[in-house]
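# A closer look at the structure
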Amino acid sequence: MKNQIVGTIMCFSLIFSTIHPLSATEGMWIPSMIKKMVAGDMNAMGMKISADDLYSINQSCIKDAVVHFNGGCTSVLVSDKGLLLTNHHCGYSRIQAHSSLENNYLKDGFWASGLDKELSNPGMNASIIKEIRDVTDAILGELPENATEAERAALVKIKSAELVESAIDGTHYQAYIRPFYFGNQYLIFITEVFEDVRLVGAPPSSIGKYGYDTDNWVWPRHTGDFSVFRIYANKDNKPAEYSEENVPFKPAYHLPVSLEGVDENDFTIVYGFPGRTDNYITSNEVNDVLTKTNPMRLQMREASLGVIDAAMRKDELTKIQYAAKQSRISNAYKKWIGQSKGLIRHEAVSKKDSIERVFQERVNAKPEWSDAYGGVLLDISALDTKTQHHSMSRNFFIEFFYMGPEVLRFAGGFSELVELSKNKEVADEEIDKWVANKLSKMGYFKNYDAQVDEDIMKAQINYFIEGQPLAIFTKDMRKKNEDLAGFTDRLYAESMFVSEVSIRSFLEGYSRNKYKKIEKDMGYMFSKNISSHYMDVTRPALMEFAPTQDSLMRVWMAAQMEVIPEKTYYPDANGTLRITFGKVEGYPPFDAAEYAHFTTLEGVMEKEDPTNPEYNLPPKMRELYNAKDYGQYAHETGEMRVCFIASNHTSGGNSGSPVINAKGELIGLNFDRTWESTMSDIMFNSSICRNISIDIRYVLFIMDKFAGADHLVKEMDLVSAAK
Ligand code: GLU
């Protein structure tokens, strides 16, 4: 009897300790729903503004200053002339595109001295959310109870198209609908999308990327990760393509900029567009990330980075050419290493497993739940097993085709020309137009080095071929007994797609029957083999299982919400606008250590090392430091603060997000997470997960004292520290 009671108590305490409500600052909340869901918690934590100040459709509010930056990052409006702040790493490819050996803005920085010197960025956009509306009923209201997954998907598609059309009818707005909670809810986002976005300023990379790869995803941090852009509009303040006639955009709201800085425990909001999280995947799926997906991705990226890093160290031109590519590859590479470590250290698999066990026990004890949800976890697991090897094949395809040797993508782009040329109904003029357009895009070779590309292919090809379940080579491609290195040598020696001279002369003398030369080109053939394998084998297999997967995840999500109601559920990130709240706080990263919540210019100087390109500061920074001339940007203690950390739940896409204090003022720009936090895309833990932000006063200091661009600071509404 005694044993039984002890057993019961243990069982309850197990449930209690595994099903804790959300950890205090976990969650990425939809702005239009914070009033209902978390505004009370935010006030309790110190927020002084109202939910309407953050999101409203009836008055201008902070939402109107938060801008989706080219679809992948976030930025914030800080003046009534459309001045936009984001991260240096978000503006990086634009800064690079304007750079050359003569005008090396990556190396030296760039500051436009006036509006007429600001640089246009064709193809870029900046988008502001006008309204968010729940359209779940409008989409699913007429769905018959016994509808199949295919019928559901068809209805969602039709209804979404109708809703988008009617939402923007008669306006210059755009709109999109996204599923939340795995399709248990749908929201429409109405947006105003600007296309004329100009580069205004950027510090040199030695400040904007200070610490480079070594410090990426790491705290303590001293990176001045910001850049400055401006949105332009037509004379009616509406979006317009680039034109000299355009004028600076006048936003509905721009954020006041605080000079007060932060102290420990201060309330913070990060307002932005987190890209993707997987906070509700099952324990088995977390295990797959740890044992299969991450190791494979790391192996592929280690191979390419080994080549790129060595080439960049050797040569200044290669360094410029491959800077943006290197950053793109190494950023996620390092994140995945930290993510795996964190998930293992914090026992994510067993924690998720305990929750699943509690879930299953409760479900089994209640017949109606048992009927509806009894098999959902087993079904998910069985499906994962079935799709596993196709998912891995897809991952290999992404890593090799999209992140690996560029010849594959470049050559693959010519399949359109082959199709046009073969099609007798297509007029010669149309082909000429295609060719002329391609010739105008030879700027691609500005950042291409065939030897580096070949070395990348050689470093990755063995892993890639081994990772494919089915043969990827057509018979005619590989010579008898040719190994993969030999095959690669031959490809780069023979293909015209690895040389600007060859491809130019081919295009300049092009006539439609020459498409056969493309078809016989090794670079083209290999590219075609790989993409056809993906399109004909991998993708259809995954598509076949997608409806089942969608419906299982939808049921799993809804089931958790019903069966374990003591937890609060926020939707996974999906690139839509979110608010996360937290506190400025340090954390204990590992045994015997405690990190402070801020870094200073002293720390920048401590790291300085002119012999190491990662920590080689411009001399002017030392002069400013020696003079201690921090002006109004100094902290009340007299020091220059550089970065701070807080417990906001953020992800990729939150780069450049405004960090806002309790009064609704800008105090920083979010740009990273700490090494121990990279696991938060799968499991957030508020005692250790921290987002890293640049202190806005460091941004102003660099602009004003370092770059002499005080005219930009003057555009902003600075709020002095309350004395
Ligand atoms: N630094 C991150 C990145 O570049 C963005 C912010 C984050 O993921 O926390 O992906």
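Rules behind the numbers
Residues numbered from 1 in each chain as written. Predicted model: local features only at pLDDT ≥ 70, side-chain atom pairs only at ≥ 80, totals over all residues. Heavy atoms only, no water. Helix = DSSP H or I, 4+ residues; strand = E, 2+ residues; numbered from the N terminus. Rg over C-alpha atoms; globule rule 2.2 N^0.38 Å. Contact = heavy atoms within 4.5 Å. Areas by Shrake-Rupley, 256 points an atom, 1.4 Å probe, with all protein chains shown as cover. Lys, Arg positive; Asp, Glu negative; His and termini not counted. Charge placed at Lys NZ, Arg CZ, Asp CG, Glu CD. Disulfide = S-S within 2.5 Å. Core = buried A, V, L, I, M, F, W, Y, C linked by side-chain atoms within 4.5 Å. Buried < 20%, exposed > 50% of the residue type's maximum accessible area, 1.4 Å probe, protein only. 1 Å grid on protein atoms, 1.4 Å probe; cavity = no way out; pocket = protein on both sides within 12 Å on 5 of 7 lines; lining within 4 Å. Points joined across faces, edges and corners; volume = space filled by probe spheres on them. Nonpolar A, V, L, I, M, F, W, Y, C, P; charged D, E, K, R; others polar. pLDDT = per-residue confidence, 0-100. Expected span 1.5 Å × (residues − 1). Arc of directions from axis to C-beta. Near = heavy atom within 4 Å. Polar contact = N/O pair within 3.5 Å; in protein donor to acceptor, adjacent residues only side chain to side chain. Axes fitted to C-alpha atoms, helices over the stretch in contact; angles between N-to-C directions. Parallel < 35°, antiparallel > 145°, perpendicular 65-115°, else oblique. Left-handed = near helix turned anticlockwise from the far one by under 90°.

## Structural notes on the overall build of the protein chain
Summing up its helical and strand segments, the protein chain has 27 helices and 20 strands in all. Scaling as 2.2 N^0.38, a compact globule of 723 residues should have a C-alpha radius of gyration of about 27 Å, and the protein chain matches this with 27 Å. Counting only C-alpha atoms and orienting by the principal axes, one finds that the protein chain spans roughly 80 × 70 × 60 Å. Relative to all contacts within the protein chain whose residues are 6 or more apart in sequence, the contacts with residues 24 or more apart total 78%. Here the protein chain displays about 31200 Å² of accessible surface, and carbon together with sulfur accounts for 52% of that area. For the protein chain, the separation between the mean place of its 79 positive charges and that of its 99 negative charges on side chains is 2 Å.

## Details of the state of the cysteines
Following the criterion strictly, the structure yields one disulfide and no others. Cys 643 takes part in no disulfide bond, and the closest cysteine sulfur to it belongs to Cys 90, at a distance of 15 Å.

## Side note on the nonpolar core
Among the nonpolar cores identified, the biggest contains 194 residues, and Met 621 and Tyr 698 are the most heavily contacted of them. Of all the elements, helix 23 (residues 522-563) adds the most residues to this core, at 13 residues. Beyond its immediate chain neighbours, meaning those up to four positions away, Tyr 698 contacts Ile 207, Gly 224, Leu 601, Val 604, Met 621, Met 640, Arg 641 and Val 642. Counting twelve residues, the second largest nonpolar core, distinct from the first, contains Val 156, Leu 163, Ala 167 and Ile 177.

## So, the layout of surface pockets
Computed from the structure, the second largest pocket encloses a volume of approximately 730 Å³. Taken together, 24 residues line the second largest pocket, and the ones lying closest to its centre are Tyr 212, Met 312, Lys 319, Pro 613 and Glu 614. Secondary-structure elements contributing two or more residues to the lining of the second largest pocket are helix 6 (105-108), helix 9 (205-208), helix 10 (212-215), helix 11 (283-314) and helix 12 (316-345). In terms of residue count, the dominant contributor to the lining of the second largest pocket is helix 12 (six residues).

## A closer look at empty space enclosed by the protein
Scanning the model with the defined rule gives two cavities of 30 Å³ or more in all. The space that makes up the largest cavity amounts to roughly 90 Å³. Around the largest cavity, the lining residues are Ser 304, Ile 308, Tyr 322, Lys 325, Arg 328, Ile 329, Met 403, Gly 404, Glu 406, Arg 409, Asp 453 and Ile 456. When residues of the lining of the largest cavity are traced back to their parent elements, those giving at least two are helix 11, helix 12, helix 16 (406-412) and helix 19 (450-466). Among the residues forming the lining of the largest cavity, the class breakdown is five nonpolar, two polar and five charged. There is about 40 Å³ of room inside the second largest cavity. Along the walls of the second largest cavity sit ten residues, with Ser 393, Phe 397, Gln 468, His 533 and Tyr 534 positioned nearest its centre.

## A word on the confidence of the model for the protein chain
Looking at the protein chain as a whole, its pLDDT mean stands at 94, while 95% of the residues score no less than 70. The model gives residues 1-17 a pLDDT under 50, and that stretch makes three contacts with residues more than four places away or in other chains.

## Some words on unusual backbone geometry
Geometrically, the link from Trp 219 to Pro 220 is a cis peptide bond, its omega value of 0° lying close to zero. Positionally, Pro 220 belongs in the loop between helix 10 and strand 10 (227-233). Although it is not a glycine, Asn 70 sits at a positive phi angle of roughly 55°. Considering the arrangement of structural elements, one finds Asn 70 in the loop between strand 1 (66-69) and strand 2 (73-77). Of note, Glu 347 is a non-glycine position whose phi angle comes to about 50°, a positive value. Relative to the elements of secondary structure, Glu 347 occurs in the loop between helix 12 and helix 13 (348-364).

## What about helix 18 (residues 428-439)?
The end-to-end C-alpha distance of helix 18 is 16 Å, a good match for the 16 Å that twelve residues give at a rise of 1.5 Å each. Residues Ile 431, Trp 434, Val 435 and Lys 438 constitute the buried set of helix 18. All buried residues of helix 18 lie within an arc of 95° about the axis, which places them on one face of the element. Opposite the buried face of helix 18, by more than 90 degrees, sit the exposed residues Glu 429 and Lys 433.

## Looking at the site of the ligand
Around the ligand, a shell composed of His 89, Trp 217, Asn 331, Ser 651, Gly 652, Ser 655, Phe 671, Asp 672 and Arg 673 is seen. Contact distances for the ligand include 3.0 Å between an oxygen atom and a backbone N or O atom of Gly 652. Residue Asp 672 places a side-chain N or O atom 2.9 Å away from a nitrogen atom belonging to the ligand. Within the complex, the protein chains bury 91% of what would otherwise be the 290 Å² of accessible surface of the ligand.

## What to know about the environment of Cys 643
With respect to the helices and strands, the residue Cys 643 is situated in strand 16 (residues 641-646). In this structure, the C-alpha to C-alpha distance between Cys 643 and Val 349, residues 294 residues apart in sequence, is 33 Å. Discounting chain neighbours no more than four positions away, the residues touching Cys 643 are Trp 219, Arg 221, His 222, Thr 223, His 597, Phe 598, Thr 599, Phe 671, Ile 692, Ser 693, Ile 694 and Asp 695.

## Remarks on the packing of helix 11 against helix 13
At their nearest, the axes of helix 11 and helix 13 sit 8 Å apart, and the two run at 165° to each other. On the basis of the axis angle, helix 11 is roughly antiparallel to helix 13. Relative to helix 13, the crossing made by helix 11 is left-handed. Only Ala 348, Val 349, Lys 352, Asp 353 and Glu 356 of helix 13 make contact with helix 11, whose side of the interface consists of Ser 283, Val 286, Asn 287 and Leu 290. Taken together, the residues of the contact of helix 11 with helix 13 sort by class into four nonpolar, two polar and three charged.

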